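Coordinates in review
Residue-level listing of the chains:
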Amino acid sequence: MVTLNVGSTERGPFPRSSVSASAGRAFGAIPPTALVLLGIVSVQVGSALAKHLFTAVGSFGTVALRLLFAAAVLTLLWRPSLRMSRRAWTVVLGYGVILGSMNLCFYLALARIPLGIAVTIEFLGPLLVALAGSRRWLDAFWALLAAGGVILLMEGRGDLDLAGFLFALAAGTCWGLYILVGAALGRHTTEGNGLALGMAVAALVAVPFGVADSGTALMQPWVLVAGLGVALLSSVIPYSLDLEALRRIPPRVFGILMSLEPAMAALIGLIVLQESLHWSQWIAVLCVVAASAGAARGDHSVGDRQ
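1. Brief notes about unusual backbone geometry
In the Ramachandran plot, Arg79 falls in the positive-phi region, its phi being about 45° despite a non-glycine side chain. Within the chain, Gln274 stands out as a residue other than glycine whose phi angle is a positive 55°. Owing to a relative accessible area of 60%, Gln274 belongs among the exposed residues under this scheme.

Below, the structure written as structure tokens:
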């Protein structure tokens with residue numbers, strides 16, 4: 001929808017405000033595994049809500065609203081400083097462009113294929129990052145298992161939209177790049193500064209597409225409220241939950257828990273959007289989940305959410 005390897009890039013304390021301090025105390029009372037699971041549910045419910053917005057403002061308009069509101073909220077929370085080195089700004093700009101592109105591609109996929117399938121295909125990006133460079137024979141098995149899952153997805157139902165599949169694959173590619181650039185973001189920025197500024201750059205990437213595609217439809221009051229809800233559910237809440245969880249559990253454990261995301265997406269799609277999958281596509285989702293969990297058991301980072 002962030003193991004900033006992507007999650008570890010932003011593991012500083014919450015900003016010093018009464019709101020963030022209260023949130024920190026509230027999160028501290030929740031077990032870290034529950035925080036991760038709540039974050040997974042939040043981001044997938046946010047994606048389901050976003051899909052309901054497509055009929056009013058399209059996929060581009062929905063992305064624009066999500067990133068614009070997320071950038072506004074994160075900027076208010078972190079109050080990032082603009083005084084950074086040229087190298088830091090280069091990383092922030094790259095991070096933001098990749099983040100914006102990832103969301104545009106994912107929502108284009110979501111407009112064409114079920115939520116569970118879109119997330120499963122997209123998850124191949126971080127999985128490839130986790131497996132890249134590995135020489136363990138077991139990791140070759142996880143790669144083959146994920147590839148088998150993709151084949152099942154394509155053959156499980158003949159009406160799977162090819163453009164939607166390719167957009168999800170592009171989103172997964174961006175997700176893999178997002179993880180790599182996110183690691184650099186953590187080295188060159190502190191606390192939530194990089195995340196907030198990167199989200200602002202992503203909004204600048206997406207908003208022109210949204211305005212060109214949807215125009216004044218974006219200004220309807222109910223659309224603005226729904227867009228704020230998508231931003232909170234898909235970005236602000238899960239990122240905050242993930243950051244707190246990463247303070248208290250190893251990234252490897254976080255990665256294993258994140259591997260549940262494709263299955264949760266399929267379940268949320270079924271419950272909220274009434275998107276039923278063929279039995280072979282459920283098996284495909286489980287193959288990718290198993291491959292991701294297996295890869296995360298190594299010393300790699302599976303990454304985080306879109």
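2. A look at helix α9 (residues 221-246)
Given a rise of 1.5 Å per residue, 26 residues ought to cover 38 Å, and the 36 Å separating the end C-alpha atoms of α9 matches this to within 8%. For α9, the principal kink sits at Leu232 and spans about 40°.

3. Looking at the environment of Leu204
Residue position: Leu204 is located in helix α8 (residues 193-214). Along the primary structure Leu204 and Gly100 are separated by 104 residues, whereas in three dimensions their C-alpha atoms are 8.2 Å apart.

4. What to know about the pattern of salt bridges
By the definition in use, this model includes one salt bridge. As a salt-bridge pair, Lys51 and Glu275 come within 2.5 Å of each other at their nearest N and O atoms. Residue Lys51 is found in helix α2 (residues 32-78), and its partner Glu275 is found in the loop between α11 (261-273) and α12 (279-296); the two are separated by 224 residues along the sequence. For Glu275, a relative accessible area of 13% gives the class buried.

5. Focus: a nonpolar patch on the surface
There is a patch of nonpolar side chains on the surface, built from Met154, Leu162, Leu166 and Leu169 and spanning about 340 Å² of accessible area. Of all the elements, helix α7 (residues 162-188) adds the most residues to the nonpolar patch, at three residues. When you line up the elements, Leu162 lands in helix α7. Note on Leu162: relative accessible area 53%, which makes it exposed.

6. Quick notes on helix α4 (residues 115-122)
The element α4 is extensively covered by neighbouring structure, given that eight of its eight residues are classed as buried. Taken residue by residue, α4 has Leu115, Gly116, Ile117, Ala118, Val119, Thr120, Ile121 and Glu122 as its buried positions.

7. Remarks on the environment of Pro32
Along the chain, Pro32 falls in helix α2. Separated by 214 residues in the primary sequence, Pro32 and Leu246 place their C-alpha atoms 7.8 Å from one another. Look past the residues within four positions of Pro32 in its chain and what remains in contact with it is Ala245, Arg248 and Ile249.

8. Examining the nonpolar core
Of all hydrophobic cores here, the largest spans 77 residues; its most connected members are Leu99, Phe106, Ile113, Leu115, Tyr178 and Met199. Formed by ten residues, the second largest nonpolar core is a distinct cluster that contains Leu241, Leu246, Ile249 and Met258.

9. Overview of the packing of aromatic side chains
Throughout the structure, instances matching the rule amount to six aromatic pairs. Aromatic pair Phe123 and Trp175: ring centres 5.3 Å apart, planes at 85°, arrangement edge-to-face. Of this pair, Phe123 sits in the loop between α4 and α5 (124-131) while Trp175 sits in helix α7; the two residues are 52 residues apart in sequence, bridging distant segments of the chain. Phe123 gets classed as buried once you look at its relative accessible area, which sits at 0%. An aromatic cluster of three or more residues is present, and its members are Phe54, Phe106 and Tyr107.

10. Side note on the state of the cysteines
Enumeration according to the criterion identifies zero disulfides in this entry. With no disulfide partner, Cys105 has as its closest neighbouring cysteine sulfur the one in Cys174, 4.9 Å distant.

11. Points about the side chain of Glu275
Among the polar contacts listed, one links the side chain of Glu275 to the backbone nitrogen of Leu115, at a separation of 2.7 Å. In this view, Glu275 contacts Lys51, Pro114, Leu115, Gly269 and Leu270; residues no more than four positions away in its chain are not counted.

12. Quick notes on the packing of α4 against α7
Remark: α4 packs on α7, axes separated minimally by 7 Å, with the N-to-C direction vectors making an angle of 45°. When the axis of α4 is compared with that of α7, the two are oblique. Taken as a pair, α4 and α7 cross one another with a handedness that is right-handed. Of α7, the residues touching α4 (which contributes Ala118, Ile121 and Glu122) are Phe165, Ala168, Leu169, Ala171, Gly172 and Trp175. When its residues are assigned to classes, the contact of α4 with α7 shows seven nonpolar, one polar and one charged.

13. Some words on the packing of α11 against α12
Look at α11 against α12: their axes get within 8 Å of each other, and the N-to-C directions meet at 150°. Taken together, the axes of α11 and α12 are roughly antiparallel relative to one another. Residues Pro262, Ala263, Ala266, Leu267 and Leu270 of α11 lie in contact with α12, whose contacting residues are Trp282, Val285 and Val289. Taken together, the residues of the contact of α11 with α12 sort by class into eight nonpolar, no polar and no charged.

Rules and cut-offs
- Residues numbered from 1 in each chain as written.
- Predicted model: local features only at pLDDT ≥ 70, side-chain atom pairs only at ≥ 80, totals over all residues.
- Heavy atoms only, no water.
- Buried < 20%, exposed > 50% of the residue type's maximum accessible area, 1.4 Å probe, protein only.
- Helix = DSSP H or I, 4+ residues; strand = E, 2+ residues; numbered from the N terminus.
- Expected span 1.5 Å × (residues − 1).
- Bend = angle between axes of the 7 residues up to and from the residue.
- Salt bridge = Lys/Arg side-chain N within 4 Å of Asp/Glu carboxyl O.
- Patch = residues over 30% accessible without salt bridge, like charges linked within 9 Å, V, L, I, M, F, W, Y side chains within 5 Å.
- Areas by Shrake-Rupley, 256 points an atom, 1.4 Å probe, with all protein chains shown as cover.
- Contact = heavy atoms within 4.5 Å.
- Core = buried A, V, L, I, M, F, W, Y, C linked by side-chain atoms within 4.5 Å.
- Phe/Tyr/Trp six-rings, centres within 6.5 Å; stacked < 30°, edge-to-face > 60°.
- Disulfide = S-S within 2.5 Å.
- Polar contact = N/O pair within 3.5 Å; in protein donor to acceptor, adjacent residues only side chain to side chain.
- Axes fitted to C-alpha atoms, helices over the stretch in contact; angles between N-to-C directions.
- Parallel < 35°, antiparallel > 145°, perpendicular 65-115°, else oblique.
- Left-handed = near helix turned anticlockwise from the far one by under 90°.
- Nonpolar A, V, L, I, M, F, W, Y, C, P; charged D, E, K, R; others polar.

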